Amino acid sequence: MRKQNNISYTILLLGLVSGLLVLVLVPHFASRYMISFLILIFMYITLANSWNMLAGYAGYVSLGHGVFFGIGGYTFALCIMKLGFNIFLALIMSSIVTAMFALLIGLVLMTTRIRIAYFAIMTLGLNEIFKIVIANTESLGASYGFTLPPIPTLLIPYYIFLGLAILSVLVIVWIDKSNFGLGLKSILQDEEVAESIGVSTSKYKIMVFILSSIFPGVSGGAIAWFWSYIDPYLAFDLAISMDCAIMTIFGGSGTIWGPVIGAGFLRILVEMLWVKIPYFHAIIYSILLILIVIWAPGGLVELFRRLNNKFFISKSKGEEYY
Amino acid sequence: MSMKENSFIFECDKITKDFGGLRALVDLSFKVLKKEIIGIMGPNGAGKTTLFNVISGAMKRTSGSFRLNGIDITNYKAHLICRLGIGRTYQTVRPFLGFSVLENTTVGVLFGKGKENISRKMAEEKAGELIRFVGLQGKEKALAKNLNLIERKKVELARTLATNPVLILLDEILSGLPTSELEASMLLINRIRDELGITIIWIEHIMKALMEVCERIIVLDNGVKIAEGTPKNISLDPNVNEVYFGRKRKII
Amino acid sequence: MIINFQIIAQLLIFGLTWGALFALTANGLNLVFGVTRILNVAHGEFLMLGAYIAFWLFSIFGVGPAVSVFVSAVLLFLFGILIQMIIVRPIIKADPSVEKVEKATLIVFFGVLLFLQNAALILWTADYRIVTYLEEPIQLWGISLSANKVIVFFVALIVCLLLQLFMKGTFIGKAIRAISEDREAGAMLGINPNSIGLLSFGLGAALAGIGGSLVGMVYVITPTMGLIFTVKSFIVMVLGGLGNVTGTLYAGIFLGILESLGSFFLGEAYKEVLDYFVLLIFILLLSKGYIRRKGVI
C-alpha cells in the first residue's frame, strides 16, 4: 500500500506542477474574456482561502470579511490618486493598512471573551459602517468613488492574482501542517481548554486575523487597479463577504483544498448559468449555502470522503478515522 | 518533618471569589508540599471547581493571592499558568473531540511548560510515552469523539501530563467510572506522583478513594474551609460529620 | 451652530422616536437569542419585509399603518415559524451541540439575509419607496413635529410595554423567560423548549415586522435597509442585557438619543460609527469587569 501511496502522490504532484505551468502560460494565448475570467477565479480563491484561515482553522466566523477587501481597495486608490504612488508601492500600502486595521480590531475583539455570534455580527456591522462612512466623506470619494488610470496590460494583473492565489494556498498548507496551525485548531475545538494547556489564544487569534486580512486587502487593491474603478458599494459589497464564506463552506471549511474547489466550482457554475436577471447569482449562492449547511456541512470535501469510505472500505477494521 | 518555606510548591492565601451577590470562596488558605497528594472534599456547591477555575486562571479571583514555587501567579492568564507548571482536568471531561489521541497529547507537549521550539516529531515521541503511561497505547490514531468515557478521561489526562506540569488539579476524575475501574485509576494517580514527581490536588466525591490515596484532605462547605488534616482526622472531625451526615458521627 | 430649546427638543424627540424603534426591534432579536442562543443576522430583513408590507398595503389599498402593523405582525410571525421549522430544526437535529448550532445558524441565516435582500431587489427593485401618511406637522409646546413620528413613537412604546406585560404576566411569557435563563430547569418544569423556541422565533420576527411597518412610515424603504437595523438591534441588545426587556427599552432610547445628538454634532454619516464605538467600549468594559452582568455576556 505504501508504494501505491508514493505513486499516487507523485502523480498528484506532477498534475499540480503541470497545471501551474499551464496557468502561467495561458495569458499569452487566451482571449481577453478567458483571462478576465481566470483573474476573478484567482481572486475568489484568494478570498476564500483567507476566510478559511480564520473560520475554518481558528473557528472565528466573520460575516464581514469583505471589509478588508474594501480597505485594501481604497488604500490603493488613495495612494494612486492622492499620493501618486506607483502600483506596487500602493499594493504594499494596501497590505500594511489592512493589517493595521486588523490589528486594531483584533485588539478589541480577540482579546476579550466574546461569543462567536457576537464576532460574526460585529464584523458584519464593521463592513456596513465602513461603507456608510466612505460613501459620506468627500475626501474619500463619497459615493462616486474613484476612476483610476487604465491598466497597461492584462498580463500584470493576471500574474498578481495568480501569485496571490498560489500564496494563499501555500499559507493554508503551512497552517494545516504547522504547530501554529495545531494551536489554531485547538482553539476551534475548545478555546477555554486550549488556553489552559498553554496556547496563547489571544496572540494566536490576532495573528491569524491579521494574516487573513492581508490577502483580501491586496486583492481589493489589485482589483481596483484591474477595473480602474472603485466605489463604496463595490468595495464593501456584502456579496464579497458572502462569497468568501460560501465558497469555503461549499468546498469544505477547515480543509486545504475546500476553498479552491468551492471557488472554482461556484464561479464556473455562475458563469455557465449566466442568467440575465441581476442579483441572480447571489440568490443561487444563498440557497446553496443554506442547503449545504443543512445537508453537508463539511462541504464537497467531506462528501468525497464519505463516498470514498463507502466504496473503498478502509483496510483497518473499518473504523471511521475521518 | 520540617516545613521549610521553599518546600511548599503551592500556597493559597485568603482567596475569595464573588459572583455578583454570591460568595463562592471565602478567605480560603492552604499550603501544599511538593509531591503531596491533597484531596478536596465537600458537598455540591461547596466551591471546589471554582477553586480550580481560579487557580488555573480560567477565572479571576476577587481577593487574595496564590503562589507557585514562591512566584505570585495571582493575576496571570491561564496559558501562562500552564507554562509555569499547573495543569488541570475537567469535571465534564473535555478532550479535543475532533483530534486523535496522539494529536491531543502532542498539543499538550507543544504548548506546555519548557518546550519552546520542539519539533513536531519529537513532540509526538514524547506524546507516545505519555499515551503509554495512561494505558492508551494502540489507540493513538483514534478520534477522541469515538472513545468511551474512561478512554476520554485518559486522553485528557495524557494531554494534561504532556504540558509538563509540576502541579496537577484533578477534578472528579473518578466520576462516572464503574467500580471495577476505581482501583486502576487510583493506582494511576499514585504513579503520577511517584513516577512523574507531580504534586496533585484532587477533588473527588468518592470519599473512599480520597481516604486511601491522599496524605491530607481539605473539606470545603459553602466556600469555607471547615477542616484540614489526615484522612483519619477528617473522618473523626465533628464539623465534617455534621456537614455530611447532619449529626456528629464517625465516617466509615 | 445655534443651540436653543427648539433644537434640543427636536433632537430629543427624534432620538426618542428612533430609540423606541430600536428598542422594539432589539427586543425581537433578544427574544430569539435568549431562548435559542441563535443570533438571527437576518433579523433586519424581517424588518424590511414589514416595511414593504406597510408600503404595498398603503399604495394599493390605501391602508394606514394602524392596520398594516397587525398584518405585518401576523405574516412575519408565520414566516418566522416557517423559517424555524424548515431551516433551524434540521440543523439542530443533525448536531444539537451548542457551539455547532451557533456557528451553523450564523452561516445559514447569513444565507437567509442575502436571499431575502436579493429577492427583494429582484422583485421590487432598488428604488426608494416612502409611505406618505400623516406627514403634516402638528404643534406641540412650540415645536413642530410630524404626526407620523409621534404615532410611531407611541406605537413602538406601547408594543414594548405590552411585551413587558406579556413576559412578566402571562404563563407563556414566564415560560419563555424560564427557558432563556435555564433551558434544562425549564424543561424539568414541564415546559417544552422546542415549542418555546418555535414561538420565540415567530414572536421575534413579528416584532421585527411591526418595527418595519413603523420604520416605513418615517424612513425610506429599500431592499437593503435591514442590515443596519440588525446591527443596531444587536448593539441595543448587548447594552440592554440578554433577556432584559426593560433594559433593552432604556438602551434603545439611549442609542436613539445618542444618534440624534451624534448626527447633529458630527454629521449624518457618523452616527453609526458612534454606535459602534459605544459597543466596542462597552464590550471592553464588560470583559475587564468594570460592568457586571449576570450570566454570559
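Each chain carries its own residue numbering, running from 1 in the direction its sequence is written. To read the labels, note that chains go from A and ligands from 1, taken in the order they are written. Local features in a predicted model are, by the rule used here, given only for residues with pLDDT of at least 70; side-chain atom pairs are given and counted only at 80 or more, and totals for whole chains, interfaces and linings are based on all residues. The basis for every side-chain value is the complete set of non-hydrogen atoms in the structure, without hydrogens or water.

*Asks:* Can you help me understand the state of the cysteines in this one?
*Replies:* Simply put, the disulfide is a covalent bond whose two ends are the sulfur atoms of two cysteines. We call a pair of cysteine sulfur atoms a disulfide whenever their separation is within 2.5 Å. Per the stated rule, a full pass over the model turns up zero disulfides over all chains. Summary of cysteine pairing: B:Cys214 is not part of a disulfide, and the nearest cysteine sulfur, belonging to B:Cys12, is at 17 Å.

*Asks:* How should I be thinking about the sheet that holds strand E8 (residues 199-203) of chain B in this particular structure?
*Replies:* Sheet strands associate in pairs through backbone hydrogen bonding, adopting either a parallel or an antiparallel arrangement. All names here are of chain B. Strands sit in the order E6-E7-E8-E3-E9-E10 across an open sheet of six strands; the sheet is mixed. At either end of the open sheet lies a strand with only one pairing partner, and these are strand E6 (86-88) and strand E10 (224-229). Sheet twist, expressed as the average angle between the axes of neighbouring strands with direction ignored, equals 20 degrees. What makes two residues a contact is simply this: any of their non-hydrogen atoms within 4.5 Å. To obtain each axis, a line is fitted to C-alpha atoms, and for helices this fit is confined to the stretch in contact; angles are then taken between N-to-C directions over 0 to 180 degrees. The secondary structure listing takes helices from DSSP runs of H or I that are at least 4 residues long and strands from runs of E that are at least 2 residues long, numbered from the N terminus. Helix-sheet contacts for helix H9 (residues 238-245) involve strand E3 (37-41), strand E9 (216-221) and E10, and the interaxial angle to E10 is about 125 degrees. Between any two strands, pairing holds if DSSP finds at least two bridges.

*Asks:* Sorry, what's going on with the interface of chain A and chain C here?
*Replies:* It is common to give the size of an interface as the accessible area lost on bringing the parts into contact. Taken residue by residue, the interface counts 43 residues in chain A and 45 residues in chain C. In total, about 4000 Å² of surface goes out of reach between chain A and chain C, with carbon and sulfur atoms giving 83% of it. When the area that chain A buries against chain C is broken down by residue, the three leading residues are A:Arg115, A:Tyr118 and A:Ile121, summing to 17%. Salt bridge, as used here, is a side-chain nitrogen of Lys or Arg placed within 4 Å of a carboxyl oxygen of Asp or Glu. Where chain A meets chain C, there are one salt bridge. With a closest N to O distance of 3.9 Å, A:Arg115 and C:Glu102 form a salt bridge. The definition of a polar contact used here is a pair of N or O atoms within 3.5 Å, where within protein one atom must be able to donate a hydrogen and the other to accept one, and adjacent residues in sequence count solely through side-chain atom pairs. Our count for the contact surface shared by chain A and chain C stands at three residue pairs in polar contact (both at pLDDT 80 or more). Here the side of chain A that touches chain C is composed, by residue class, of 32 nonpolar, eight polar and three charged. Buried area counts how much accessible surface, traced with a 1.4 Å probe, disappears from two parts once they are put together, with both parts' losses summed. Under the convention adopted here, Pro, Cys and the residues Ala, Val, Leu, Ile, Met, Phe, Trp and Tyr are nonpolar, Asp, Glu, Lys and Arg are charged, and Gly plus all remaining residues are polar.

*Asks:* Where do I start with the side chain of A:Thr201 in this structure?
*Replies:* Note that A:Thr201 resides in helix H9 (residues 201-227). Beyond its immediate stretch of four places on either side in the chain, A:Thr201 contacts A:Ile187, A:Glu191, A:Ala194 and A:Glu195.

*Asks:* Would you take a moment to explain the interface of chain A and chain B for this structure?
*Replies:* Between chain A and chain B, the contact holds 24 residues from the first and 25 residues from the second. Of the roughly 2200 Å² buried between chain A and chain B, counting both surfaces, carbon and sulfur atoms make up 56%. Counting the contacts that link chain A with chain B gives two salt bridges. Taking the shortest distance from any N to any O, the salt bridge between B:Arg94 and A:Glu192 comes out at 3.3 Å. The interface formed by chain A and chain B includes 11 residue pairs in polar contact (both at pLDDT 80 or more). Breaking the side of chain A that touches chain B down by element, the ones donating at least two residues are helix H7 (179-189), helix H8 (191-196) and H9 of chain A.

*Asks:* Can you help me understand the pairing of strand E4 (residues 63-68) of chain B in this one?
*Replies:* As a general feature of sheets, a regular strand has side chains that alternate between the two faces. Residue and element names in this part refer to chain B. In terms of strand pairing, strand E1 (residues 8-19) meets E4 through five bridges, oriented antiparallel. The partner of Asp13 across the bridge, within E4, is Ser65. Bridging between E4 and strand E5 (residues 71-72) involves two bridges; their strand directions are antiparallel. Bridge assignment links Arg67 to a residue of E5, and that residue is Asp72. A loop of two residues connects E4 with E5, the two strands running antiparallel in sequence, and Asn69 in this loop sits at a positive phi of about 50 degrees.

*Asks:* Quick question: what am I supposed to make of the pattern of salt bridges here?
*Replies:* Note on pairing: side chains with opposite charge can pair once their charged atoms come close. Going through the model one piece at a time under the given rule, you end up with 23 salt bridges over all chains. Connected via shared salt-bridge partners are B:Glu36, B:Arg216, B:Lys225 and B:Glu228.

*Asks:* How do you make sense of the arrangement of the chains when you look at a structure like this?
*Replies:* The highest contact count of any of the two pairs of chains in contact belongs to chains A and C. Structurally, chain B and chain C remain out of contact, their C-alpha atoms never closer than 7 Å.

*Asks:* Looking at this structure, I do not really get the domain arrangement of chain B. What am I missing?
*Replies:* Residue and element names in this part refer to chain B. When the domains of chain B are assigned, the result is domain 1 (1-85 + 169-252) and domain 2 (95-164). Taken together, the contacts link 18 residues of domain 1 with 11 residues of domain 2. Taken together, the two surfaces of domain 1 and domain 2 that pack against each other cover about 1200 Å², and 73% of this comes from carbon and sulfur. Applying the counting rule to domain 1 against domain 2 returns zero salt bridges. Counting the contacts that link domain 1 with domain 2 gives four residue pairs in polar contact (both at pLDDT 80 or more). Taken together, the elements giving at least two residues each to the side of domain 1 that touches domain 2 come down to helix H2 (78-84) and helix H6 (179-196). The class makeup of the residues in the side of domain 1 that touches domain 2 is 10 nonpolar, three polar and five charged. Residue ranges assigned to each domain were obtained from an automatic or database domain assignment.

*Asks:* Looking at this structure, I do not really get the packing of helix H5 (residues 116-135) of chain A against helix H11 (residues 271-288) of chain C. What am I missing?
*Replies:* What describes two packed helices is the angle between their axes and the distance between those same axes. Running from N to C, H5(A) and H11(C) cross one another at 150 degrees; their axes reach a closest spacing of 9 Å. It follows from the interaxial angle that H5(A) and H11(C) lie roughly antiparallel. Judged by the twist between their axes, the crossing of H5(A) over H11(C) is left-handed. The residues of H11(C) that touch H5(A), namely those facing A:Met122, A:Thr123, A:Gly125, A:Leu126, A:Ile129, A:Ile132 and A:Val133, are C:Glu272, C:Val273, C:Tyr276, C:Leu279, C:Leu280 and C:Ile283. Taken together, the residues of the contact of H5(A) with H11(C) break down into 10 nonpolar, two polar and one charged. An angle below 35 degrees is treated as roughly parallel, one above 145 as roughly antiparallel, one from 65 to 115 as roughly perpendicular, and anything else as oblique. Rotating anticlockwise by less than a right angle from the far helix to the near helix defines a left-handed crossing, while the corresponding clockwise rotation defines a right-handed one.

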